[in-house]
Amino acid sequence: MATPIVAPFPAARLRRLRRTANLRAMVHEVNLTAADLIWPIFVTEVAGAEGEIASMPGVERLTLDGAKRAAERAARLNIPAICIFPHSDQDLKTESCERAWDPDNIGNRAIRAIKETVPDLAVMTDIALDPYNANGHDGLVVDGEILNDETVEALVRMALAQAEAGADILGPSDMMDGRIGALRGALEGAGHRHVAILSYAAKFASAFYGPFRDAVGASGRLVGDKKTYQVNPANREEALRCVARDLAEGADMVMVKPGMPYLDICREVKDRFAAPTFAYQVSGEYAMLEGAIRNGWLSREVMLESLLAFRRAGCDGVLSYFAPSVAEMLA
Ligand code: PBG
């Protein structure tokens, strides 16, 4: 019998295009560049509080000078934006949180310092009362209740002070109802038409924020938890409604937070709303990966893989404490 000309073969040899680096490069579907990163930094006004955060090895609380140097580093690495988180004096935290809209609070001083040093770098802020609140909550607390509408008024004051200081992007992370519309209206009214809003739209009540609360000095203070305003991790539909609502109220961009355990939400938000979509790879995710890397249990490549996964899930960009190290690896 003659040998058949067509030998039996698997219907699809998917390994064919994985054979060499160039073939793999030709067919890669998403990529990660420094332009996809937003770098969150902590800035302190408390003498002696600068330096490494115990639960976030490799991440430091910075002085104002340190923040300027970080901005220069971001610019050198082509990271387009930095996000400022203030660590303020414990003695200046009050129940009414008035420091939150003080033009000279540490957050606003950091905005001005960075804009003076690297004017082109986009500066993002966090809008929530927790860094200045005696009880650690994102909203005003009266008789154990987190007040919604009164908090929104305070957030508006905070936002206007940040816009005045030169912020390019405001990041409301408080999860009060109606804040996006209120902020947008106030910004337009005050002539800050170009200031963008990146809403922490689908923000879940997560245990992954633990190290962040150490970083901003809120850990010992938080009375109770944030479950009356942040979304239950079990709820996908509610998260989508938050995103729909925030976009309708005028958010320019939306965020899913935390990131890695919520990639399903990222994909669905992108598919449904086709809006600029970001994820926050939060402090606990950083601590988990960096801790394992430092112990030699995981290789540094997990940083890239974890961030690429956000791109695959539809995100336009990611807030990550790995931003400078990853940008260095990519350079
Ligand atoms: C608070 C805020 C939090 C984070 C960003 N803004 C913590 C919280 O909601 O308790 C978390 C970021 C992180 O964990 O890296 N408004």
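Residues numbered from 1 in each chain as written. Predicted model: local features only at pLDDT ≥ 70, side-chain atom pairs only at ≥ 80, totals over all residues. Heavy atoms only, no water.

**Describing the environment of Leu-307**
Tracing the chain through its elements places Leu-307 in helix H10 (residues 301-312). Overall, the relative accessible area of 0% leaves Leu-307 in the buried class. The spatial distance from the C-alpha of Leu-307 to the C-alpha of Gly-317 is 8.9 Å, given a sequence separation of ten residues. Those residues within four positions of Leu-307 in sequence are excluded, and the remaining contacts are Leu-32, Leu-37, Gln-281, Val-318, Ser-320 and Val-326. (Helix = DSSP H or I, 4+ residues; strand = E, 2+ residues; numbered from the N terminus. Buried < 20%, exposed > 50% of the residue type's maximum accessible area, 1.4 Å probe, protein only. Contact = heavy atoms within 4.5 Å.)

**Overview of the packing of aromatic side chains**
All told, the structure shown has ten aromatic pairs when counted by the stated rule. Taken together, the ring pairs connect Phe-42, Phe-85, Tyr-200, Phe-212, Tyr-280, Tyr-286, Tyr-321 and Phe-322 into an aromatic cluster. Its guanidinium or amino end placed over the ring of Tyr-209, Lys-203 lies 5.4 Å from that ring's centre, counting from NZ or CZ. Here the guanidinium or amino end of Lys-257 rests over the ring plane of Tyr-209, the centre of that ring lying 4.5 Å away. (Phe/Tyr/Trp six-rings, centres within 6.5 Å; stacked < 30°, edge-to-face > 60°. Lys NZ or Arg CZ within 6 Å of the ring centre and 35° of its normal.)

**Topic: the pairing of strand E10 (residues 253-257)**
Along any regular strand, the residues point their side chains to alternate faces of the sheet. The element E10 is largely enclosed, with a buried count of five among its five residues. Where burial is concerned, the two faces of E10 agree: the one with Met-253, Met-255 and Lys-257 and the one with Val-254 and Val-256 are both buried. Bridging between strand E9 (residues 196-203) and E10 involves four bridges; their strand directions are parallel. Paired with Ala-202 across the two strands is Val-256, which belongs to E10. Direction of pairing for E10 relative to strand E11 (residues 277-281): parallel, over a ladder of three bridges. Paired with Met-255 across the strands is Phe-278, a residue of E11. (Pairing = 2+ DSSP bridges.)

**Here we look at the site of the ligand**
Near the ligand there are 17 residues, and of these Lys-203, Arg-213, Lys-257, Ser-283 and Tyr-321 occur at the shortest range. With respect to the ligand, the side chain of Lys-226 contributes an N or O atom lying 2.7 Å from an oxygen atom. A distance of 3.0 Å is found between an oxygen atom of the ligand and a side-chain nitrogen or oxygen belonging to Gln-230. Protein contact buries 100% of the 400 Å² of open area that the ligand shows by itself. Residue composition of the shell around the ligand, grouped by class: seven nonpolar, three polar and seven charged. (Near = heavy atom within 4 Å. Polar contact = N/O pair within 3.5 Å; in protein donor to acceptor, adjacent residues only side chain to side chain. Areas by Shrake-Rupley, 256 points an atom, 1.4 Å probe, with all protein chains shown as cover. Nonpolar A, V, L, I, M, F, W, Y, C, P; charged D, E, K, R; others polar.)

**Regarding helix H8 (residues 263-273)**
Of all the positions in H8, only Leu-263, Ile-265, Cys-266 and Val-269 are classed as buried. Each buried residue of H8 sits inside an arc of 155° when the element is viewed along its axis, so together they form one side. Across H8 from its buried face, at more than 90 degrees, point the exposed residues Asp-271 and Arg-272. Along its buried surface, H8 packs onto E9, helix H7 (236-248), E10, E11 and H10. (Arc of directions from axis to C-beta.)

**What to know about the side chain of Thr-277**
Among the structural elements, Thr-277 can be located in strand E11. For Thr-277, the side chain forms a polar contact with the main-chain oxygen of Ala-275, separated by 2.7 Å. Residues contacting Thr-277, with those up to four places away along its chain left out, are Val-254, Cys-266, Val-269, Lys-270, Gly-314, Cys-315, Asp-316 and Gly-317.

**Quick word on the nonpolar core**
In this structure, Ile-41, Phe-42, Ile-82, Ile-114 and Met-124 are the most contacted members of the largest nonpolar core, which totals 106 residues. If you tally residues by element for this core, the top one is helix H4 (residues 149-165), at eight residues. Sequence-distant contacts of Met-124, that is, excluding residues within four places in its chain, are made with Ile-38, Ile-82, Cys-83, Ile-84, Ile-169, Gly-171, Leu-198, Tyr-200, Met-255 and Leu-319. (Core = buried A, V, L, I, M, F, W, Y, C linked by side-chain atoms within 4.5 Å.)

**Describing the pattern of salt bridges**
Pairs can form between side chains of opposite charge once their charged atoms are near each other. Per the stated rule, a full pass over the model turns up 24 salt bridges. Arg-99 serves as the salt-bridge partner of Glu-45, at 2.6 Å between the closest nitrogen and oxygen. Placement of Glu-45 in the loop between strand E1 (37-44) and strand E2 (51-53) and of Arg-99 in the loop between strand E4 (81-87) and helix H3 (106-117) is noted, with a sequence separation of 54 residues between them. With a relative accessible area of 13%, Arg-99 lands in the buried category. When the shortest N-O distance is used, the salt bridge between Glu-237 and Arg-236 registers 3.9 Å. Through salt bridges that share partners, Asp-174, Asp-177, Arg-179, Arg-245 and Asp-246 make up one connected network. (Salt bridge = Lys/Arg side-chain N within 4 Å of Asp/Glu carboxyl O.)

**Topic: the packing of H3 against H4**
Between H3 and H4, the least distance of the axes is 8 Å, while the angle of their chain directions is 20°. Accordingly, the angle class assigned to the pair H3 and H4 is roughly parallel. Our pair here, H3 against H4, has a crossing hand that is right-handed. Residues Asn-108, Ile-111 and Arg-112 of H3 touch H4, and the partners they reach there are Ala-161, Gln-162 and Ala-165. Residue composition of the contact of H3 with H4, grouped by class: three nonpolar, two polar and one charged. (Axes fitted to C-alpha atoms, helices over the stretch in contact; angles between N-to-C directions. Parallel < 35°, antiparallel > 145°, perpendicular 65-115°, else oblique. Left-handed = near helix turned anticlockwise from the far one by under 90°.)

**Some words on the UniProt feature "active site" (unreviewed entry) in the chain**
According to UniProt, the feature "active site" (unreviewed entry) maps to Lys-203 and Lys-257 in the numbering used here. Look at the named residues: they lie 55 residues apart in sequence, but the longest C-alpha span between them is just 4.9 Å, so in the fold they bunch up. Here Lys-203 shows up in strand E9. We classify Lys-203 as buried; its relative accessible area is 5%. Once you skip the residues sitting within four places of it in the chain, Lys-203 turns out to touch Asp-138, Ser-173, Met-175, Tyr-209, Gln-230, Val-231 and Lys-257. Not counting the four nearest positions on each side in its chain, Lys-257 is found in contact with Tyr-200, Ala-202, Lys-203, Phe-204, Tyr-209, Tyr-280 and Val-282. (UniProt positions renumbered as here; feature names shortened; annotations may be inferred.)

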